[in-house]
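Chain and residue survey
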Amino acid sequence: MFGDLMGMMGKLKETQTKVEETKKRLSTVIVDESSSDALLKISLTANREIKSISIDDTLLGDKEQLEDYLILTLNKAIEKATAVNEAELAAVAKDGMPNIPGMDSLFK
């Protein structure tokens, strides 16, 4: 019994290490998003850290339009980055979890 418990604890510790390594790696995964007309381009990491914003000069004359572009494009970029982040972390967590009946549905 204790062997199984110790084995599970070791596996959980290993999974925790893998999750931390994955989080670090996700800081290097770049997600790019642009407005539908490509006047605004945003790059951020899969950990949702903004790396760059490129604004076409034509947007600089209309503050309200620029704000709308930023909101829409940033939200799309964050949504993409979040999907990548969650998929990667869920895969690592699922791989490292002991086989407990009913737990597999939590990582879908």
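Coordinates for the structure precede this section.
As a starting point, this report considers the structure included with it. (Residues numbered from 1 in each chain as written. Predicted model: local features only at pLDDT ≥ 70, side-chain atom pairs only at ≥ 80, totals over all residues. Heavy atoms only, no water.)

A tally of regular secondary structure across the protein gives two helices and three strands. When the elements of the protein are put in sequence order from the N terminus, they spell out α-β-β-β-α. A burial count over the protein gives 23% of its 108 residues as buried. Contacts spanning at least 24 positions in sequence make up 51% of the contacts within the protein whose residues lie at least 6 apart. As presented, the protein carries roughly 7,600 Å² of accessible surface, and 57% of it is formed by carbon and sulfur atoms. (Helix = DSSP H or I, 4+ residues; strand = E, 2+ residues; numbered from the N terminus. Buried < 20%, exposed > 50% of the residue type's maximum accessible area, 1.4 Å probe, protein only. Contact = heavy atoms within 4.5 Å. Areas by Shrake-Rupley, 256 points an atom, 1.4 Å probe, with all protein chains shown as cover.)

Another aspect to go through is the sheet that holds strand β3 (residues 50-55). Taken in spatial order, the three strands line up as β1-β2-β3 in an open sheet, and their pairing is antiparallel. Two strands bound the open sheet, and with one partner strand each, they are β1 (30-34) and β3. The mean angle between the axes of side-by-side strands here comes to 10 degrees, regardless of whether they run parallel or antiparallel. Note: strand β2 (residues 40-45) against β3, five bridges, orientation antiparallel. Across the sheet, the residue bridging to L40 is I55, located in β3. (Pairing = 2+ DSSP bridges. Axes fitted to C-alpha atoms, helices over the stretch in contact; angles between N-to-C directions.)

One non-glycine residue, A38, adopts positive backbone phi at about 65 degrees. Tracing the sequence through the fold places A38 in the loop between β1 and β2. On the basis of relative accessible area, A38 is assigned to the partly exposed category, the value being 39%. Unusually for a residue other than glycine, R48 sits at a positive phi of about 65 degrees. What makes R48 partly exposed here is its relative accessible area of 37%.

With nine residues, the main nonpolar core is built from V31, L40, I42, L44, L59, L66, Y69, A77 and A81. At four residues, the largest contribution of residues to this core is made by helix α2 (residues 63-96). Residues contacting I42, with those up to four places away along its chain left out, are V31, D32, E33, S52, I53, T73, L74 and A77. (Core = buried A, V, L, I, M, F, W, Y, C linked by side-chain atoms within 4.5 Å.)

The next point concerns the side chain of T45. Tracing the backbone through its elements, the reader meets T45 in strand β2. Not counting the four nearest positions on each side in its chain, T45 is found in contact with L26, S27, V29, I30, K51 and A81.

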